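Residue-level structural notes
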Amino acid sequence: MNIYVLMKRTFDTEEKITISGGKINEDGAEFIINPYDEYAIEEAIQVRDANGGEVTVVSVGTEEAEKQLRTALAMGADKAVLINTEDDIEDGDQFTTAKILSEFLKDKDADLIIAGNVAIDGGSGQVGPRVAEILGISYVTTITKLDINGSSATVVRDVEGDSEVIETSLPLLVTAQQGLNEPRYPSLPGIMKAKKKPLDELELDDLDLDEDDVEAKTKTIEIYMPPKKEAGKVLEGELEDQVKELVKLLHTEAKVV
Amino acid sequence: MARKVLVLGEVRDGSLRNVSFEAVAAGKTASEGGEVVGVLIGDAVSTLASGMIHYGADRVVIVEDEKLKQYTPDGFSQALMAVIDSESPDALIFGHTALGKDLAPKIAAKLESGLISDVTSLEEAGGNLVFTRPIYSGKAFEKKIVTDGLLFATIRPNNIAPLEKDESRSGDVASVAAEIKDLRTIIKEVVRKASEGVDLSEAKVIIAGGRGVKSEEGFEPLKELASVLNGAVGASRGACDADYCDYSLQIGQTGKVVTPDLYIACGISGAIQHLAGMSNSKVIVAINKDPEANIFKVADYGIVGDLFEVVPLLTEEFKKLKVNA
């Protein structure tokens, strides 16, 4: 089975966010594989181990994403591809990324494409379904279970807490929700092996794309921090009195009940 | 610039979800005096059209087909594309719900348009419609504009206030024909887990429990408080990982992002990943034994104490308030 994973390098979830020069400050920040993409990589490896085939992890980004791609290889993916847009694209959006990925994927005959359902930085969750639509294949988002049987698939989709059991067929794109699996840590032998696995680097030229073909449809005009919350009021006194005061404050001061 | 805006209404259990009315309000802002056209898709939705008009839509277009009884990306995109072809809108607004998140990118790809997801406010500024949205799970915000093509956004529930309901408003309701065929995903079964009680993403009040809840039974007092306040129960990752509750309740960076009017955190320490999911709530109350717990830093009101003592007292006090009201 020919399996592709769409991966994004993101800020570590523990990182504090600061702004400098109108942009999110990346100096000294730790980067990781987007947590939802980790589920995608794990699922791809499990599907391959059960059905045979090959897992290729693809990322659109800069040279720095090589580190996260190596981690994916160390987890057990077979190949990695970095589509390096550093020299060509300054401000892409989801249209840009989806177009590049689809252009790369269109002649790959993928049976299964797995992505995270959302990246924790931009938080749009658009790229997976966009890629499926451009490739003309079906998709299921926010999945928590995937069973492949020949060319058909049974998928459980999380719908705001409810679960839908969906039947569909390959080729298919799915996006991973938490609960799909427990991503493995790379093992030491895995890390050693990963160094020898292929990590190809492409640029827009290699995909016969011009900057104009992928020019963003939207633009960020400002990034700002939410107003700092003032320290709240910690109540004092007998517990019963505190509770009475709290209810009164919520009712008369905050007016939320 | 006056625009024609299509607003997708969302139906759940035979009623319009609140986010539909919020989307109409957003559509009104985006229309700048143009027209707001509600769109309803389903197997029997025509009776709901007046709801969208009462909340500000000028008219409503419906697509009905028995194959649209349940949402599927293929079915709903075929229906919506038929409406887009017949209406040629300047803007599209959906809710940033499970349905909106799934469908909007597909439509954007079909139209080769931009899409601004998870918008919490929008306004006209400097000749542009400017959309504000949280990034990095609410640790920062960005303002975005559309530079090319149609305006397209999904709005986060509970952030844009609906317009006042006016039952005297009336408007045209028309059907658009669409051929719904070749659905590639078939829903075999729906397992209801979350929907006992109030929907977490639209709840005005959320009572959330963390590791301090200690067990599955420990959630009982939280559920009682939630039912008195007509709220929903949520949880931190810690509580979910410890198997005290289902992952469908999880609030945080992974899990749901919520912005209720009132968030009561019970026995939640306040890890940065949890704060990312709830820190934009209007009023936050923290109940925790540990006075140093991080959650007190984002709380508007705090009680240092045992949640198993505090929560039942709170429930009683709110009951009294309701009786007196």
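Our subject is the structure that appears above.
An account of the accompanying structure is given in this report. Please read all numbers here as calculations on a predicted model, not as lab measurements. (Residues numbered from 1 in each chain as written. Chains lettered and ligands numbered in written order. Predicted model: local features only at pLDDT ≥ 70, side-chain atom pairs only at ≥ 80, totals over all residues. Heavy atoms only, no water.)

Positionally, E160(A) belongs in the loop between β10 (152-159) and β11 (162-169). A polar contact of 2.9 Å, which involves the side chain of E160(A), links it to the side chain of R17(B). At a separation of 2.7 Å, a polar atom in the side chain of E160(A) contacts the main-chain amide nitrogen of A98(B). (Helix = DSSP H or I, 4+ residues; strand = E, 2+ residues; numbered from the N terminus. Polar contact = N/O pair within 3.5 Å; in protein donor to acceptor, adjacent residues only side chain to side chain.)

As a further point, take the interface of chain B and chain A. At the junction of the two partners, chain B supplies 87 residues and chain A supplies 73 residues. When the buried area of chain B at its contact with chain A is split by residue, Y136(B), K143(B) and Y301(B) rank highest and sum to 11% of it. Among the salt bridges present, the one from K188(B) reaches E167(A), with a minimum N-O distance of 4.0 Å. Along the contact surface separating chain B from chain A lie 36 residue pairs in polar contact (both at pLDDT 80 or more). Among the elements that take part in the side of chain B that touches chain A, helix α4 (residues 98-111) of chain B stands out by supplying nine residues, more than any other. Taken together, the residues of the side of chain B that touches chain A break down into 40 nonpolar, 20 polar and 27 charged. With two bridges joining them, strand β15 (residues 233-234) of chain A and strand β18 (residues 301-304) of chain B adopt parallel strand pairing. Along β18(B), the bridge assignment pairs K233(A) with Y301(B). (Contact = heavy atoms within 4.5 Å. Buried area = accessible area lost by both parts, 1.4 Å probe. Salt bridge = Lys/Arg side-chain N within 4 Å of Asp/Glu carboxyl O. Nonpolar A, V, L, I, M, F, W, Y, C, P; charged D, E, K, R; others polar. Pairing = 2+ DSSP bridges.)

A separate point is a nonpolar patch on the surface. Residues and elements named next belong to chain A. Nonpolar side chains collect at one region of the surface, where L188, I191 and M192 lie side by side and expose about 310 Å² of accessible area between them. Here I191 shows up in helix α5 (residues 188-194). Among the residues examined, I191 registers a relative accessible area of 36% and is labelled partly exposed. (Patch = residues over 30% accessible without salt bridge, like charges linked within 9 Å, V, L, I, M, F, W, Y side chains within 5 Å. Areas by Shrake-Rupley, 256 points an atom, 1.4 Å probe, with all protein chains shown as cover. Buried < 20%, exposed > 50% of the residue type's maximum accessible area, 1.4 Å probe, protein only.)

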